[in-house]
Amino acid sequence: MANELNIRCIMNKDALPVTGAEQAVYALVDIKAGGKKAFGAMPANFGLVLDRSGSMDGEKMNNLKEAVGYVVDHLGDGDLVSVTIFDDQVETLIPNQPAKNREAIKAALAKVIPRGGTQISDGLRAGLAEVKKGHSPERVNRVLLLTDGQTWDDEDACLRLAEEAGKQGVAITSIGIGEEWNEKLLLQIAEKSLGNSHWIQNPIAILDAFRQEVEGMQSVAASNLKVTARMSQGVKPVRVFSTIPMISDVSRKAVRGVNVIADLGTLDGKKGQAVLIEATAPAQKAGKFRLGQVEITYDVPSQNIRGQSIKTDMFVTFTADAAVAAKVNAEVMNLVEKVSAFKLQTRALSEAEAGNIAAATQKLQAAATVLLNLGEDDLAKAAEREILTLKKTGTLSAAGTKKLEYGTRKLTQALTDQETGIRHAEADAGVDGSDEIRYYA
Amino acid sequence: MKCKECDMENIDGALFCEECGAKLDMMEPLQDTAVETGSGSQLVLTSRDGSKLDIPAKDEVVIGRDDPVSEVFPDLDLTDLGGMDSGVSRKHAIIHRTGAEYTIEDLESTNGTYVNKKRIQPHVPQAIKAGDELRFGKLALAVQAA
């Protein structure tokens, strides 16, 4: 039987030098949908949790209504949808129901008038309750949370809800509009629930983000995806990062003694998933060495497949030949470099938050250098601008922080997938008639 | 293993310094030697992992990525180096060779051609030599003497 999923386990080096000491190794576990027909068959159970606070008035609300219209038009008749709106009060505008009631849903939404403050946890709780009504392992159960404001002292409640949602297989995609919201909270909500997060600067991009969300749900190839790595004696996992749809440090949950167990939620059949494991290998004599075994388990409910497992071994060869041991795998190297930029950015931001200006500046400078090496000029410039802001004001700018937080997490996205600051080039195709995606300089 | 940039001690085999992000434990990807002048001088392009791409011995070498659908087959195909995801156009740039002199010209690529991190104007050839860094979209290659 052909596997629904394919797994590749690639080491940073096929051959490690014999050094007589412990050394670092990196394993990239890459998971892709196998056959073309393996995905797209899961119906959705989609809960929209939308901020209608006073600050959403005008362009933001108009674009939001249009985007929700797009969602209901593009969900199938068998999909479920609910719409919860919140300010400092909550209203279940559309209780969980089949998406085929399109006109009624749009009409209800048209009446929404922005007002009040922002209390995210109440909205999220009510929205998750709606999704729970239609919850089924056969469906892609997902919540989209959109806000433009700081929530009122209920961050911990939001995170508890996100954690709980993740355990129940409900991923939350969190979207922040403008600059006056807490990116740390929205990123954590996404990470805890195994979801995604986006920053939208211009309300006109709301539609695009919603479109991506619908397409993402319709491309789900497998659910309950889990990576387990069982290490051989002496091999120690150090850190684990999931990398798609964004780089996320999952070490705290995933490193369990000598093993790695990472829950990854659903697999987007078009984008796949990849996990980077940083480990240390013990001193070895020349020869082939088995670092451990990687197993992925998953469900494909539409084909009645549950707990399917694929295993592969991680091998390296220890060699005394320095030239052989110097060869590095380009794909792994590139990913490790992106993760390195992410780590530096994360440390820079936490140093800045703690008021350690000198340390934050140094980390930002280091991040800028790595970003330049990666060809990410725009992000490198943002890091350099923040160094100046930090020197002048002692803090980072709201926009700069968001740009770095989101930009470094999404370094793993192909140019063709990046959702902000890009557009299709059809309108002004170059001489080669290229159809690739263009990003703004 | 000590980082040459910041003196931080890193575990053997680490690819990048935990403290400053500098590259560790690598072959030297860039060679600073100037290109030898005179006939027969050859340049190669080296990717960041060390793999080499010979520049074919022609006066004009088109760089881009193969696309069988639109039947575009540049002389130097960057597909295997991740050209698609890095935003390399099908016909991205052209390297002109006159004797021992090389220039690069951007062919109005979507995501630009860069020489030493500066974006070059389309259709304005710019001289290149060993030691330079070229970038096609987000794909960086070092120029080296063959």
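Here goes a summary of the coordinates provided. Note that the structure is predicted; figures quoted are calculated from it, not measured.

Moving on, we get to the overall build of chain B. A tally of regular secondary structure across chain B gives zero helices and 11 strands. Ordered by position in the sequence, the α and β elements of chain B form the string β-β-β-β-β-β-β-β-β-β-β. For chain B, buried positions account for 50% of its 146 residues. Partitioning the intrachain contacts of chain B with sequence separation of at least 6 by distance along the chain shows that 39% fall at a separation of at least 24.

Right, let's get into the sheet that holds strand β12 (residues 248–249) of chain A. Residues and elements named next belong to chain A. Ordered by their spatial adjacency, five strands build an open sheet running β1-β3-β15-β11-β12, and the pairing between neighbours is antiparallel. The open sheet has two free edges, formed respectively by β1 (5–11) and β12, since each of these has just one partner strand. In this sheet, strand β15 (residues 273–281) lies alongside strand β3 (residues 23–33) in antiparallel orientation, the contact comprising nine bridges. What sits directly across from A27, in β15, is I277. Taken strand by strand, helix α9 (residues 330–353) contacts β1, β3, β11 (236–242), β12 and β15, and its axis lies near 90° from that of β15.

Under the defined criterion, the tally for this structure stands at three aromatic pairs over all chains. Where W181 of chain A meets Y406 of chain A, the ring centres are 6.0 Å apart and the plane angle is 70°; that geometry is what we call edge-to-face. Note that W181 of chain A is positioned in the loop between β8 (171–177) and α5 (183–192) and Y406 of chain A in helix α12 (residues 398–409), a separation of 225 residues in sequence. Residue class for W181 of chain A comes out buried when judged on its relative accessible area of 1%. When the ring of F241 of chain A is compared with that of F342 of chain A, the centres are 6.3 Å apart and the planes differ by 90°; the resulting orientation is edge-to-face. Separated by 101 residues along the polypeptide, F241 of chain A in strand β11 and F342 of chain A in helix α9 bring together distant segments of the chain. The exposure class assigned to F342 of chain A is buried, which follows from its relative accessible area of 5%. Over the face of the ring belonging to W181 of chain A we find K402 of chain A, whose NZ or CZ atom lies 4.8 Å from the ring centre. The ring of Y114 of chain B carries R135 of chain B above its face, with NZ or CZ at 4.1 Å from the centroid.

The rules behind these values
- Residues numbered from 1 in each chain as written.
- Chains lettered and ligands numbered in written order.
- Predicted model: local features only at pLDDT ≥ 70, side-chain atom pairs only at ≥ 80, totals over all residues.
- Heavy atoms only, no water.
- Helix = DSSP H or I, 4+ residues; strand = E, 2+ residues; numbered from the N terminus.
- Buried < 20%, exposed > 50% of the residue type's maximum accessible area, 1.4 Å probe, protein only.
- Contact = heavy atoms within 4.5 Å.
- Pairing = 2+ DSSP bridges.
- Axes fitted to C-alpha atoms, helices over the stretch in contact; angles between N-to-C directions.
- Phe/Tyr/Trp six-rings, centres within 6.5 Å; stacked < 30°, edge-to-face > 60°.
- Lys NZ or Arg CZ within 6 Å of the ring centre and 35° of its normal.

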